[in-house]
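Survey of secondary and tertiary structure
Listed below, chain by chain, are the residues.
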Amino acid sequence: MERLAQWIKESSKCVVFTGAGMSTESGLPDFRSQTGLWRGQDPMKLASTHALAHNREDFADFYRMRIEGLLACEPHRGHYILADWEQRGWVRGLITQNVDGYHQRAGSQSVAQLHGTLSVVRCLRCGAEYPCRKYLEEKGTSCACGGFLRPGVVLFGESLPQSALERAEAWTDEADLFLVLGSSLQVSPANWFPQRAKERGARLVIVNRDPTPLDSWAEQI
Ligand code: ZN
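Residues numbered from 1 in each chain as written. Predicted model: local features only at pLDDT ≥ 70, side-chain atom pairs only at ≥ 80, totals over all residues. Heavy atoms only, no water.

**With respect to helix 1 (residues 2-10)**
Within the span of helix 1, buried status applies to Leu 4, Trp 7 and Ile 8. End-on, the buried residues of helix 1 take up no more than an arc of 100°, which puts them together on one face. In helix 1, those exposed residues whose orientation departs by more than 90 degrees from the buried face are Glu 2 and Glu 10. Residues of helix 1 that are buried make contact with helix 6 (77-87), strand 7 (177-181) and strand 8 (203-207). (Buried < 20%, exposed > 50% of the residue type's maximum accessible area, 1.4 Å probe, protein only. Helix = DSSP H or I, 4+ residues; strand = E, 2+ residues; numbered from the N terminus. Arc of directions from axis to C-beta. Contact = heavy atoms within 4.5 Å.)

Right, dumping it as structure tokens:
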């Protein structure tokens, strides 16, 4: 770990990539890794464009439950350390698969949220955004214009936000150190970014509970 600390201090273009393991440290359940059903339904199917169109009541209940969880937990020490590293000029950007918005709450500013964010809800009709706690109010799924509010997350069936992808790619191309925290790097494009960084000469460091497909590419620390 001393070597890693040294590399981070020497780097000015370190890119940090965080996955579900970062959020579970805050107590947030990783719904993708849960195998159980929610009210008899598959959470993966509820988090979809199909449910938004055809099963809106359960869709809204499901996201109410997830927003309650988000508001009940907080960023942990790791989030604050990363924000501090950014402020010291060690971290160029943070790419995250997490939708909790905890990196920003902890003070990180350069964050590319590949899967959008649960911390805001957005009107399907007029595009207005509200803080997610509105969803928990009575008639909280209605915009002032009468349109339906949906969470700002990327649903199954939607493509990833182009602006976040572009920022993430630009940081990755310049990275001299690419640090993966709490991602099993199983899904695309999660696995694409560390590969790209490595191919372009960056040091790759992976910190994850379980083995990942890219472990043989990573530095041994
Ligand atoms: Zn509206």
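**Considerations on the coordination of the zinc ion**
Protein-derived coordination of the zinc ion comes from Cys 123 (SG), Cys 126 (SG), Cys 143 (SG) and Cys 145 (SG), at a distance range of 2.3 to 2.4 Å. If you look at the zinc ion, its four donor atoms make angles of 102 to 119° with each other, and the shape they trace is tetrahedral. Considered as a linear motif, the donors of the zinc ion on their single chain read C-x2-C-x16-C-x1-C. Placement of Cys 123 in strand 4 (residues 116-123) and of Cys 145 in the loop between strand 5 (129-131) and strand 6 (149-153) is noted, with a sequence separation of 22 residues between them. Classification of Cys 123 by relative accessible area gives buried; the value is 4%. (Donors = N, O, S within 2.8 Å, 3.2 Å for Na, K, Ca; no water. Tetrahedral: all angles 85-135°; square planar, octahedral: opposite > 155°, others 65-115°.)

**So, the domain arrangement of the protein**
Under the domain assignment, the protein is made up of domain 1 (1-27 + 76-115 + 158-221) and domain 2 (29-72 + 121-153). For domain 1 and domain 2, the distance between their C-alpha centroids amounts to 27 Å. Facing the nine residues of domain 1 at the interface are nine residues of domain 2. Carbon and sulfur atoms make up 52% of the area that domain 1 and domain 2 hide from each other, which totals about 720 Å². Taken as a group, Val 99, His 115 and Glu 158 account for 52% of the area that domain 1 buries against domain 2, more than any other trio of residues on that side. Summed over the shared surface of domain 1 and domain 2, the result is one salt bridge. Across the pair Arg 150 and Glu 158 runs a salt bridge, and its minimum N-O distance is 2.6 Å. Secondary structure elements with two or more residues in the side of domain 1 that touches domain 2: helix 2 (20-24) and helix 7 (102-105). Each residue belonging to the side of domain 1 that touches domain 2 can be placed in one class, and the counts come to three nonpolar, three polar and three charged. (Domains from an automatic or database assignment. Buried area = accessible area lost by both parts, 1.4 Å probe. Salt bridge = Lys/Arg side-chain N within 4 Å of Asp/Glu carboxyl O. Nonpolar A, V, L, I, M, F, W, Y, C, P; charged D, E, K, R; others polar.)

**Concerning the sheet that holds strand 3 (residues 111-113)**
Read from one edge to the other, the open sheet built from five strands follows the order 3-2-1-7-8, with strand pairing classed as parallel. Since the sheet does not close on itself, it has two edges, and those belong to strand 3 and strand 8, each with one partner. Within the sheet, the average angular offset between the axes of one strand and its neighbour, ignoring direction, is 15°. Two elements, strand 1 (residues 14-18) and strand 2 (residues 91-96), share five bridges in a ladder whose sense is parallel. (Pairing = 2+ DSSP bridges. Axes fitted to C-alpha atoms, helices over the stretch in contact; angles between N-to-C directions.)

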